[in-house]
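Spelled out from the first residue to the last, the chains are:
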Amino acid sequence: AQSVTQPDIHITVSEGASLELRCNYSYGATPYLFWYVQSPGQGLQLLLKYFSGDTLVQGIKGFEAEFKRSQSSFNLRKPSVHWSDAAEYFCAVTSGTYKYIFGTGTRLKVLA
Amino acid sequence: GAGVSQSPSNKVTEKGKDVELRCDPISGHTALYWYRQRLGQGLEFLIYFQGNSAPDKSGLPSDRFSAERTGESVSTLTIQRTQQEDSAVYLCASSLRGSDEQYFGPGTRLTVT
């Protein structure tokens, strides 16, 4: 069955530290992959997406993600976290249709 | 420009009552989606509208759930005879035809007591 796993429910990092949020997927077809961020009281905002080509994709707010087919992963990274990055992050996958499969999310806390 | 808006932002209702949740998509977006987000879980697809095509209702969890959309504008998600397990945040999103990028509203937090 198709699925997306975000193994870390909560992550806490200090401001200025690097960040990596994990995402693993199980998908038969070539996946289209997304990372969304949800701030408190806000809707989800697209950070970045991968369809094909270069496996390292750049997104907004200084985020990047790397698609690794051999590991079925699409981890999100940021070299230096800001306090405003505290939010919940969702990984999602689709085969190119409108039906996304979302992970359960990772809540990021940033320490001053 | 204006984003996707949803109302109400919060709704508390008694078990057994009916509720209506509203979504105003971004103007010009032909596609509209409803999702349910239960506490500690990912987003669960409910229904998809694309223009005047028949909606994809495959994600609706029971016949107590229904949704309508007027043309390419407002959509209403109705939950009849609410149950406690219906408590969740209901998110609406819209997108341009042929686009994979969905724009989300802030959601409606539904609490069934």
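Here is what the cut-offs are and how they apply
Residues numbered from 1 in each chain as written. Chains lettered and ligands numbered in written order. Predicted model: local features only at pLDDT ≥ 70, side-chain atom pairs only at ≥ 80, totals over all residues. Heavy atoms only, no water. Disulfide = S-S within 2.5 Å. Helix = DSSP H or I, 4+ residues; strand = E, 2+ residues; numbered from the N terminus. Buried < 20%, exposed > 50% of the residue type's maximum accessible area, 1.4 Å probe, protein only. Contact = heavy atoms within 4.5 Å. Buried area = accessible area lost by both parts, 1.4 Å probe. Salt bridge = Lys/Arg side-chain N within 4 Å of Asp/Glu carboxyl O. Polar contact = N/O pair within 3.5 Å; in protein donor to acceptor, adjacent residues only side chain to side chain. Nonpolar A, V, L, I, M, F, W, Y, C, P; charged D, E, K, R; others polar.

Applying the stated criterion across every chain yields a total of two disulfides over all chains. Disulfide pairing is shown between Cys 23 of chain A and Cys 91 of chain A; the S-S distance is 2.0 Å. Between Cys 23 of chain A and Cys 91 of chain A, the S-S dihedral sits near -65°, and the bridge is therefore left-handed. Placement of Cys 23 of chain A in the loop between strand S3 (19–21) and strand S4 (24–26) and of Cys 91 of chain A in strand S10 (residues 87–94) is noted, with a sequence separation of 68 residues between them. Judged by its relative accessible area of 0%, Cys 91 of chain A is buried. Shown here is the disulfide that connects Cys 23 of chain B with Cys 92 of chain B, its sulfur atoms set 1.8 Å apart. Note on the Cys 23 of chain B and Cys 92 of chain B pair: the S-S dihedral is about -65°, so by sign convention the disulfide is left-handed. Of the two residues, Cys 23 of chain B is situated in strand S3 (residues 19–24) and Cys 92 of chain B in strand S8 (residues 88–95); the sequence distance between them amounts to 69 residues.

Counting residues at the interface gives 17 residues for chain A, matched by 18 residues for chain B. Its largest share of buried area at the contact with chain B, chain A owes to Tyr 98, Tyr 100 and Phe 102 of chain A, together 37% of the area lost on that side. On inspection of chain A and its partner chain B, the count reaches one salt bridge. Salt-bridge contacts for Asp 56 of chain B lead to Lys 99 of chain A; the nearest nitrogen and oxygen are separated by 3.4 Å. Applying the counting criterion to the chain A and chain B interface returns three residue pairs in polar contact (both at pLDDT 80 or more). Listed by contribution, the elements that provide at least two residues to the side of chain A that touches chain B are strand S5 (32–38) and strand S6 (44–50) of chain A. The residue makeup of the side of chain A that touches chain B, split by class, is nine nonpolar, six polar and two charged.

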